[in-house]
Amino acid sequence: MTATIEPTIIEERPPSASARLSLAPTGSVPGLLDGAWWPRSRDLLREIPTLTDALDACWGRITHVTVNPAHWPVIPRKVPVTGHTVHVGWFADEQDPNKVILFSYTVGRLDLLVIPPETEPAAAARLMAAATVPGGIRTASGLMADEAVSHDAAEARSREEEWESDGGAASAAGAAIGILSSALRR
């Protein structure tokens, strides 16, 4: 995916719902991730203000955000948020594509797993819980890969259960016995 770097600032921002955000407990053992964020779209101009609104009061004013352009089609250089502007940077090779890094003058750095907007709610809940484990050693891409494997396994089990409930193995065995019986009668 090619990212477009957008230098303009849009002064008006459309209203949006609150941020879907989960943070590790305060004072817990630090891990590779400090939590997870599940944006509603891939539009940073719309999503960053919602995220900073949720974090500014409890964590300190967010001044900079960095992303990997792999999942963001347009990356604005600056995003107007409530009361200030957030500078946005991007790193294609240096930053995990499934992570956003936020910087605050007061607290420092916050690394969040970015859950794709199209993720099913149950999967998003599992990812949010996994990203907030105190002392967690899984990377953002590692958690996403684990979830993909888990999803594929669940889908395979579902297909197998459907096959079994539709007659599956029993019908196949019955058909084989029927063919064998026909052959023996001849």
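Cut-offs applied
Every residue gets a number counted from 1 within its own chain, in the order that chain's sequence is written. Selection of residues for local features in this predicted model requires a pLDDT of at least 70, selection of side-chain atom pairs for listing and counting requires 80 or more, and totals for whole chains, interfaces and linings are taken over all residues. Each side-chain value is worked out from all heavy atoms of the structure, with water and hydrogens disregarded. For cavity detection a 1 Å grid was placed over the protein atoms alone, and a set of points counts as a cavity when a 1.4 Å probe fits there but cannot get out; an open set counts as a pocket when protein lies on both sides within 12 Å along at least five of seven lines, with lining residues being those that have an atom within 4 Å of a point. Grid points are joined across faces, edges and corners, and a volume is the space filled by probe spheres set on the points. Helical segments are the DSSP runs of H or I of at least four residues, strand segments are the runs of E of at least two, and each set is numbered from the N terminus. In this count, Pro and Cys sit with the nonpolar residues alongside Ala, Val, Leu, Ile, Met, Phe, Trp and Tyr, while Asp, Glu, Lys and Arg are called charged and the others, Gly among them, polar. Pairs were defined over the aromatic rings of Phe, Tyr and Trp, the Trp ring being its six-membered one, requiring ring centres within 6.5 Å. Orientation was assigned from the angle between planes: stacked under 30 degrees, edge-to-face over 60, tilted for the rest. The buried label applies to any residue whose accessible area, calculated with a 1.4 Å probe on protein chains only, is under 20% of its type's maximum; exposed applies above 50%, and partly exposed to all values in between. We call a charge positioned above a ring when the Lys NZ or Arg CZ atom is no farther than 6 Å from the ring centre and deviates by at most 35 degrees from the ring normal. Residue contacts follow a heavy-atom distance rule, with two residues in contact if any of their heavy atoms lie within 4.5 Å. Polar contacts, as counted here, are pairs of nitrogen or oxygen atoms within 3.5 Å of one another; within protein the pair requires one atom able to donate a hydrogen and one able to accept it, and residues that are adjacent in sequence qualify only if both atoms are side-chain atoms.

Under an unreviewed UniProt entry, the name given to the chain is DUF5994 family protein, and the organism recorded is Streptomyces pratens.

Quick look at the layout of surface pockets now. In this structure, the largest pocket encloses a volume near 340 Å³. Lining the largest pocket are 15 residues, and of these Ala24, Pro25, Thr26, Asp34 and Leu110 sit closest to its centre. Broken down by element, the lining of the largest pocket gets its largest block of residues, three residues, from helix H1 (residues 44–59). Tallied by class, the residues present in the lining of the largest pocket amount to 10 nonpolar, four polar and one charged.

It is worth spelling out the packing of aromatic side chains at this point. Aromatic rings in a pair are described by how distant their centres are and how their planes are angled relative to each other. Enumeration according to the criterion identifies one aromatic pair in this entry. Judged by centre distance (6.0 Å) and plane angle (20°), the rings of Trp37 and Trp72 are stacked. Taken together, the residues span a long stretch of sequence, with Trp37 in strand S3 (residues 35–37) and Trp72 in the loop between strand S4 (62–67) and strand S5 (74–76) at a distance of 35 residues. Comparing Trp37 with Trp72 shows no difference in burial state: the two are buried. One Lys or Arg, Arg20, reaches over the ring of Trp38 and ends 3.6 Å from the middle of that ring.

Along the chain, Asn98 turns up in the loop between strand S7 (84–90) and strand S8 (99–104). Once the C-alpha coordinates of Asn98 and Asn68 are considered, the two residues, 30 residues apart in sequence, prove to be 7.6 Å apart. The contact partners of Asn98, leaving out residues within four places of it in the chain, are His71, Leu112, Leu113, Val114, Ala140, Ser141 and Met144. At 3.5 Å, the side chain of Asn98 and the side chain of His71 are in polar contact.

On to empty space enclosed by the protein. The gaps left among the atoms become clear once a water-sized probe is rolled over them. Inspection of every chain in the model, using the stated rule, returns one cavity of 30 Å³ or more. In this structure, the largest cavity encloses a volume near 50 Å³. Lining the largest cavity are Pro39, Ser41, Arg42, His71, Trp72, Pro97, Asn98, Val114, Pro116 and Pro117. Classifying every residue of the lining of the largest cavity gives six nonpolar, three polar and one charged.

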